[in-house]
Amino acid sequence: QVQLVESGGGLVQAGGSLRLSCPISGRTFSRPLMDWFRRAPGKERALVAELDWSGGTTNYADSVKGRFTISRDTAKNTVFLQMNSLKPEDTAVYYCRAILSGLIYWGQGTQVTVSS
């Protein structure tokens, strides 16, 4: 069983930064596709950033381009989301997702709140 446990959320003022972490534990994996999603109050869950573990290719939602960076530490089996220049509209629960061998795994989410 694969487990994802997000951490690093919290309360921050607009313009501030946070770094989310998502270690991947459980059975041996190879070349997952990793994503960060978020669900803002009253909205659908939306893709924020995506990373192909093997090649390191990344993609971002237009709303976060230039502010957020998704990265990985292959030795620690961990994916990160560095969030800079945070805005109140970034307030959401952030979820880590892994797609491994056609199966989808989600973390429990971590709350990010940006005050104006």
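In what follows, the structure referred to is the one given above.
Rules used in this analysis
Residues numbered from 1 in each chain as written. Predicted model: local features only at pLDDT ≥ 70, side-chain atom pairs only at ≥ 80, totals over all residues. Heavy atoms only, no water. Disulfide = S-S within 2.5 Å. Helix = DSSP H or I, 4+ residues; strand = E, 2+ residues; numbered from the N terminus. Polar contact = N/O pair within 3.5 Å; in protein donor to acceptor, adjacent residues only side chain to side chain. Contact = heavy atoms within 4.5 Å.

Draft legend 1. Fine view of the state of the cysteines. This model, assessed by the stated rule, comprises 1 disulfide. A sulfur-sulfur distance of 2.2 Å marks the disulfide that ties cysteine 22 to cysteine 96. Between cysteine 22 and cysteine 96, the S-S dihedral sits near -85°, and the bridge is therefore left-handed. A residue pair is termed long-range when its members are at least 10 positions apart, and cysteine 22 in strand 3 (residues 18–25) and cysteine 96 in strand 9 (residues 92–100) qualify at 74 residues.

Draft legend 2. The side chain of threonine 110, seen in detail. Structurally, threonine 110 is set in strand 11 (residues 110–115). Within the structure, threonine 110 has its side chain in polar contact with the backbone nitrogen of glycine 9 (distance 3.3 Å). Residues in contact with threonine 110, not counting those within four places in the same chain, are Glu6, Ser7, Gly8, Gly9, Leu20, Ala92, Val93 and Tyr94.

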